[in-house]
Amino acid sequence: MLVSATEMLKKAKAGHYAVGQFNINNLEWTKSILATAQELNSPVILGVSEGAGKYMTGFKTVTEMVKAMIEEMNITVPVALHLDHGTYEGCYKCIKAGFSSIMFDGSHYPIEENVAKTKELVSIAHAMGLSIEAEVGSIGGEEDGVVGAGECADPDECKMIADLGIDFLAAGIGNIHGKYPENWKGLSFETLAAIQEKTGEMPLVLHGGTGIPADMIKKAIDLGVAKINVNTECQLSFAAATREYIEAGKDQQGKGFDPRKLLAPGAAAIKETVKEKMELFGSVGKA
Ligand code: 13P
């Protein structure tokens, strides 16, 4: 079922678990993530960055593929199709293309401009039945060309944005996209607690889910995180499994070069990663 992410995240926040957002790149990614969510009876959010949308030839292709897969694979768990780190223009494109959720990342604008643009997009998204995520305080590292310095969000600014009627809020708490460096100081739970205090029932979003130790994930959920984004970790497991297949020479045995065979170990590795995350986040059986 393609649904907005509002209800699943309200339920997650109330139930003290988090729903995973797993970014998709192509058919194999989408199929592996949907199949795992169904097998584990877990709600799921499919994240699409603007770069990935472009790679898949456009947001309309993505929507049609996801809707058709939900039908043909008999997926009955709640699935949200969500724009990740959307620009102002990208949000409009995804609303038009039939996404069920958008993120407007106005964190690089001065706060007044972030507020004004977020406010406008909230009213349009809600009128069209979509959920909307907004961001305060940039997430560190680089994702698909979007580079953030990684600062901790100001809890008062978080409240300002939360009060605009958004459905969930991404706030920088020292998290970084991609692999964490050796000298990473860890998540700032002080900042997270202060944000939670100001924003109350608002489900909070933890970006940069790859490589955050399990104890920190659990503590973040305790402090109000209800959505956790994972992208790089699926890419790493896909790449490692594909490398192993090729290095073992399996692509040269029989019809091992057939793309359906060549991509199978990577697709299975994505399923394993998604399963591990859903178990850690506590969303298994919560559909
Ligand atoms: P990672 O690539 O670090 O898992 O981050 C994903 C993310 O936050 C998508 O917005």
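In this report, the structure presented in the accompanying data block is examined.

## Topic: the overall build of the protein
A count of helices and strands for the protein gives twelve helices and ten strands. In terms of overall dimensions, the protein is globule-like: its C-alpha atoms have a radius of gyration of 18 Å, near the 19 Å expected for 287 residues. Along the first, second and third principal axes, the C-alpha atoms of the protein reach 60 × 45 × 35 Å. Out of the 287 residues belonging to the protein, those deemed buried represent 57%. If you take every contact in the protein between residues at least 6 apart in sequence, the share linking residues at least 24 apart comes to 71%. Here the protein displays about 12,700 Å² of accessible surface, and carbon together with sulfur accounts for 54% of that area. Considering the protein, the positive charge centre built from 27 side chains and the negative charge centre built from 38 side chains are found 6 Å apart.

## Quick notes on the pattern of salt bridges
For the structure on display, the rule yields ten salt bridges. Across the pair Asp-156 and Lys-198 runs a salt bridge whose closest N-O atoms are separated by 2.9 Å. Pair noted here: Asp-156 is in helix α7 (residues 155-162) and Lys-198 is in helix α8 (residues 189-199), with a separation of 42 residues, a long-range link. What makes Asp-156 partly exposed here is its relative accessible area of 44%. Put simply, Asp-163 and Lys-159 hold a salt bridge, and the shortest N to O gap is 3.0 Å.

## Considering the packing of aromatic side chains
A full pass over the atoms with the stated rule returns five aromatic pairs. Plain terms: the ring middles of Trp-29 and Phe-238 are 4.7 Å apart, the flat faces sit at 45° to each other, and that makes the pair tilted. Separated by 209 residues along the polypeptide, Trp-29 in helix α2 (residues 27-39) and Phe-238 in helix α10 (residues 232-247) bring together distant segments of the chain. Here the two residues Trp-29 and Phe-238 agree in accessibility, since each one is buried. A ring pair is formed by Tyr-180 and Trp-184, whose centres lie 3.9 Å apart and whose planes are at 40°; its orientation type is tilted. We note Lys-117 situated over the ring of Tyr-109; from NZ or CZ to the ring centre the distance is 4.6 Å.

## Let's talk about the environment of Val-3
Along the chain, Val-3 falls in the segment before α1 (6-15). Separated by 128 residues in sequence, Val-3 and Ser-131 have C-alpha atoms that sit 9.0 Å apart. Once you skip the residues sitting within four places of it in the chain, Val-3 turns out to touch Met-8, Pro-78, Val-79, Ala-80, Leu-81 and Ser-100.

## Considerations on helix α12 (residues 264-281)
Its 18 residues place the ends of α12 26 Å apart at the C-alpha level, agreeing with the 26 Å of an ideal helix rising 1.5 Å per residue. Those residues of α12 not exposed but buried are Gly-266, Ala-267, Ala-269, Ile-270, Thr-273, Val-274, Lys-277, Met-278, Leu-280 and Phe-281. Against the buried residues of α12 lie β1 (19-23), α2, β2 (44-49), α9 (214-222), β10 (225-230) and α10. Once α12 ends, the next one or two residues include Gly-282, with phi positive near 85°.

## Overview of empty space enclosed by the protein
In this structure the tally under the stated criterion is one cavity of 30 Å³ or more. Considering only enclosed or pocket space, the largest cavity measures out at about 40 Å³ in volume. Taken together, Leu-169, Ala-171, Ile-173, Leu-192, Leu-204, Val-205, Leu-206 and Val-225 make up the lining of the largest cavity. For the lining of the largest cavity, the elements supplying multiple residues, two or more each, are β8 (168-171) and β9 (204-206). At three residues, β9 tops the list of elements feeding residues into the lining of the largest cavity.

## Some remarks on the environment of Gly-174
Among the structural elements, Gly-174 can be located in the loop between β8 and α8. Exposure remark for Gly-174: the relative accessible area of 18% places this residue in the buried category. Counting along the chain gives 15 residues from Gly-174 to Phe-189, while the straight-line C-alpha distance between them is 9.2 Å.

## So, the packing of α7 against α8
The relative placement of two packed helices comes down to the angle between their axes together with the axis-to-axis distance. Contact pair α7 / α8: the axes reach a minimum separation of 9 Å and the direction vectors enclose 35°. Relative to α8, α7 is oriented so that their crossing is right-handed. Here Pro-155, Asp-156, Cys-158, Lys-159 and Ala-162 of α7 lie close against α8, whose contacting residues are Ala-194, Ile-195, Lys-198 and Thr-199. Its residues assigned to classes, the contact of α7 with α8 shows five nonpolar, one polar and three charged.

## Quick word on the site of the ligand
Looking at the ligand, there are 15 residues lining it, with Asp-84, Gly-178, Gly-208, Thr-210 and Thr-232 nearest. Its residues assigned to classes, the shell around the ligand shows two nonpolar, eleven polar and two charged.

Rules of the game
Residues numbered from 1 in each chain as written. Predicted model: local features only at pLDDT ≥ 70, side-chain atom pairs only at ≥ 80, totals over all residues. Heavy atoms only, no water. Helix = DSSP H or I, 4+ residues; strand = E, 2+ residues; numbered from the N terminus. Rg over C-alpha atoms; globule rule 2.2 N^0.38 Å. Buried < 20%, exposed > 50% of the residue type's maximum accessible area, 1.4 Å probe, protein only. Contact = heavy atoms within 4.5 Å. Areas by Shrake-Rupley, 256 points an atom, 1.4 Å probe, with all protein chains shown as cover. Lys, Arg positive; Asp, Glu negative; His and termini not counted. Charge placed at Lys NZ, Arg CZ, Asp CG, Glu CD. Salt bridge = Lys/Arg side-chain N within 4 Å of Asp/Glu carboxyl O. Phe/Tyr/Trp six-rings, centres within 6.5 Å; stacked < 30°, edge-to-face > 60°. Lys NZ or Arg CZ within 6 Å of the ring centre and 35° of its normal. Expected span 1.5 Å × (residues − 1). 1 Å grid on protein atoms, 1.4 Å probe; cavity = no way out; pocket = protein on both sides within 12 Å on 5 of 7 lines; lining within 4 Å. Points joined across faces, edges and corners; volume = space filled by probe spheres on them. Axes fitted to C-alpha atoms, helices over the stretch in contact; angles between N-to-C directions. Left-handed = near helix turned anticlockwise from the far one by under 90°. Nonpolar A, V, L, I, M, F, W, Y, C, P; charged D, E, K, R; others polar. Near = heavy atom within 4 Å.

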